[in-house]
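Listed below are the residues making up each chain.
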Amino acid sequence: MDLFDYAQEKNLEKEAPLALKLRPTTIEEVVGQRHILSEDKLLYRAIKADKLQSVIFYGPPGTGKTTLAQVIAHSTSAQFVRINATIAGKKDMEEMVAKAKENLGAYGKRTIAFIDEIHRFNKGQQDFLLPFVEDGTIILIGATTENPYFEVNPALLSRSIIFELKPLSKDDIKTLVYRAVNDEKKGLGSMKARITEEAADFLADVAGGDARNALNAVELGVLTTKRSDDGIIHITLDVASECIQKRVVHYDKGGDNHYDTISAFIKSMRGSDPDAAVFYLAKMLSAGEDIKFIARRMMICASEDVGNADPMAITVATSAALAVERVGLPEAQIILSQAVLYIATAPKSNSAVEAIFAANRAVSNNKTTVPPHLQDAHYKGHESLDRGIGYLYAHDYPNHYVKQQYMPPEIDGQVFYEPSDNGYEKQIKSWLKFIKR
């Protein structure tokens, strides 16, 4: 490194964001993630013993994936290399592997490769890493905000241990906020700033489990707030609210949050909790989810979970789906809300699901024939083939019903539809019992 490179590196350190400056260098400094970093946990022991194997850190932004990689970098005797998958190319990976082979062969030194945003690597790039992870040339640390079971090759997953990082708690973020304000070595302690308990609580709450959001707000507040007459920079609730104006909704329409939220949305409607259902609706809308996708899921729920307990549910859901396409946002949110609340509060039955699944099993397990009297008789000569002979026309009989065999003879007597005692299905059940007495 020449003098110019040294000066450039020092300037970058000086101008680095607060969140970067505060990153710990030892595992004891890490805040949160006790479910994987307590002293009795595997990851803690592996880092302390410098015996780390290939791992993937998975979790939302600002939960400490890169921080843990930095801790490992400061704790290991191995060569540590960092690659960002958003900008790295094949040449970068080839150079990394070549250097790793040299370190291992000439010096017996392992290489730990930290690949940030590993989900951005395509299948070919991930496959390139596989043999070198497998033979120990490199120890992989992958970091991703996306569910690795969706985004990382199964072969690479099978050779790695996955550690899920959770959003930080409010107390964890408050700890970091106070550290940022008071730490004179890494934080802003030399600026003589003070933050009120109310402001720290607010930042910890609205950060949404993302430490970076809170720390960026603290830094902005300290750097832009004038000193008071007492010479102190006071970070009050008003200052804090200006510096972080909107809670971040962690939601990726192509990833894990998308599936988790729509799953919770459906389960809340199925579970007859209108408040939870409309909350998840609001979350999806706030994150920019496609209203047509939401409407499609509602139509499915209306049949799958409400069914004939309230036959109007599918009509309401379908009408809402048509209406939101014609109206668009923001008014479409009201239409969706109305339909969601209707479905969530409707009586529930999955008898329609059970019926079609039972019928599907019968179709796949049996070779059946249509009873002759039900076969098509709309052609000349059907009598000679015994087609349609003996069919009884239901409307010619009392209550528009007459008992006759409709099932194929091979499965006659099987019951697929069993109405529940909920809502309108109770009437259906009573009617079927009446006509088949």
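### With respect to a nonpolar patch on the surface
Next up, step 1: On the surface, Tyr149, Phe150 and Tyr259 cluster together into a nonpolar patch covering about 390 Å² of accessible area.
Next up, step 2: Counting through the fold element by element, Tyr149 comes out in helix 8 (residues 148-151).
Next up, step 3: Classification of Tyr149 by relative accessible area gives exposed; the value is 60%.

### Observations regarding the nonpolar core
Next up, step 1: Of all hydrophobic cores here, the largest spans 31 residues; its most connected members are Ile173, Val177, Ile195, Leu203, Val218 and Val222.
Next up, step 2: Going through the elements one at a time, helix 2 (18-21), helix 10 (170-182), strand 6 (193-195), helix 11 (197-206), helix 12 (211-224), strand 7 (233-235) and helix 13 (237-243) are the ones with two or more residues in this core.
Next up, step 3: Element by element, the count of residues in this core is highest for helix 12, at 6 residues.
Next up, step 4: The contact partners of Leu203, leaving out residues within four places of it in the chain, are Ile195, Ala214, Ala217, Val218, Ala240 and Ile244.
Next up, step 5: Ala277, Leu285, Val306 and Val324 belong to the second-largest nonpolar core, a separate cluster that totals 30 residues.

### Remarks on the packing of aromatic side chains
Next up, step 1: For the coordinates displayed, the defined rule picks out 6 aromatic pairs.
Next up, step 2: A ring pair is formed by Phe57 and Phe163, whose centres lie 6.3 Å apart and whose planes are at 50°; its orientation type is tilted. Note that Phe57 is positioned in strand 1 (residues 55-58) and Phe163 in strand 5 (residues 161-164), a separation of 106 residues in sequence. Each of the two residues, Phe57 as well as Phe163, counts as buried.

### Some points on the pattern of salt bridges
Next up, step 1: Under the definition given, this model contains 13 salt bridges.
Next up, step 2: With its nearest N and O atoms 2.8 Å apart, the salt bridge here joins Lys174 to Asp201. In this pair, Lys174 is assigned in helix 10 and Asp201 in helix 11, connecting sequence segments 27 residues apart.
Next up, step 3: For Asp201, a relative accessible area of 29% translates into the label partly exposed.

### A closer look at the pairing of strand 4 (residues 139-144)
Next up, step 1: Counted residue by residue, strand 4 has 6 buried out of 6 residues, so it is predominantly covered.
Next up, step 2: The side-chain alternation of strand 4 yields two buried faces, one formed by Ile139, Ile141 and Ala143 and the other by Leu140, Gly142 and Thr144.
Next up, step 3: Two elements, strand 1 and strand 4, share 4 bridges in a ladder whose sense is parallel. When the bridges of strand 4 are listed, Phe57 appears paired with Ala143.
Next up, step 4: Two strands pair when backbone bridges link them, and strand 3 (residues 111-116) and strand 4 are joined in this way by 5 bridges, in the parallel orientation. Looking at strand 4, one finds that Ile115 is bridged to Gly142.
Next up, step 5: Handedness of the crossover joining strand 3 and strand 4 through helix 7 (residues 123-134) is recorded here as right-handed.

### Thoughts on helix 20 (residues 425-435)
Next up, step 1: For helix 20, the complete set of buried residues consists of Glu425, Ile428 and Ile435. When helix 20 is viewed along its axis, its buried side chains cluster within an angular range of 90° and face the same direction. Opposite the packed face of helix 20, turned more than 90 degrees from it, sit the exposed residues Lys426, Gln427 and Lys433.
Next up, step 2: On its buried face, helix 20 sits against helix 19 (351-365).

### Regarding the packing of helix 10 against helix 11
Next up, step 1: Their axes nearest at 8 Å, the elements helix 10 and helix 11 cross at an angle of 125°. As far as their axial angle goes, helix 11 and helix 10 are oblique. For the pair helix 10 and helix 11, the sense of crossing is right-handed. Counted together, Lys170, Ile173, Lys174, Val177 and Tyr178 of helix 10 and Glu197, Ala200, Asp201, Ala204 and Asp205 of helix 11 form the full contact between these two elements.
Next up, step 2: Among the residues making up the contact of helix 10 with helix 11, the classes are represented as 5 nonpolar, no polar and 5 charged.

### A short note on the confidence of the model for the protein chain
In regions of low pLDDT, the predicted coordinates are not meant to be interpreted in detail.
Next up, step 1: Summing up the model confidence of the protein chain, the mean pLDDT is 86 and the portion of residues at 70 or higher is 91%.
Next up, step 2: In the predicted structure, residues 1-12 sits below a pLDDT of 50 and forms 2 contacts with residues beyond four places in sequence or in another chain.

### Looking at the packing of helix 16 (residues 291-306) against helix 17 (residues 312-327)
Next up, step 1: In contact at an axis separation of 8 Å, helix 16 and helix 17 are set at 175° when each is read in the N-to-C sense. One finds that helix 16 runs roughly antiparallel with respect to helix 17. When helix 16 is examined against helix 17, the residues Ile291, Lys292, Ala295, Met298, Met299, Ala302, Ser303 and Val306 are found in contact with a partner set consisting of Ala313, Ile314, Ala317, Thr318, Ala321, Val324 and Glu325.

How each quantity is defined
Residues numbered from 1 in each chain as written. Predicted model: local features only at pLDDT ≥ 70, side-chain atom pairs only at ≥ 80, totals over all residues. Heavy atoms only, no water. Patch = residues over 30% accessible without salt bridge, like charges linked within 9 Å, V, L, I, M, F, W, Y side chains within 5 Å. Areas by Shrake-Rupley, 256 points an atom, 1.4 Å probe, with all protein chains shown as cover. Salt bridge = Lys/Arg side-chain N within 4 Å of Asp/Glu carboxyl O. Helix = DSSP H or I, 4+ residues; strand = E, 2+ residues; numbered from the N terminus. Buried < 20%, exposed > 50% of the residue type's maximum accessible area, 1.4 Å probe, protein only. Core = buried A, V, L, I, M, F, W, Y, C linked by side-chain atoms within 4.5 Å. Contact = heavy atoms within 4.5 Å. Phe/Tyr/Trp six-rings, centres within 6.5 Å; stacked < 30°, edge-to-face > 60°. Pairing = 2+ DSSP bridges. Right-handed = clockwise from strand over helix to strand, strands pointing away. Arc of directions from axis to C-beta. Axes fitted to C-alpha atoms, helices over the stretch in contact; angles between N-to-C directions. Parallel < 35°, antiparallel > 145°, perpendicular 65-115°, else oblique. Left-handed = near helix turned anticlockwise from the far one by under 90°. Nonpolar A, V, L, I, M, F, W, Y, C, P; charged D, E, K, R; others polar. pLDDT = per-residue confidence, 0-100.

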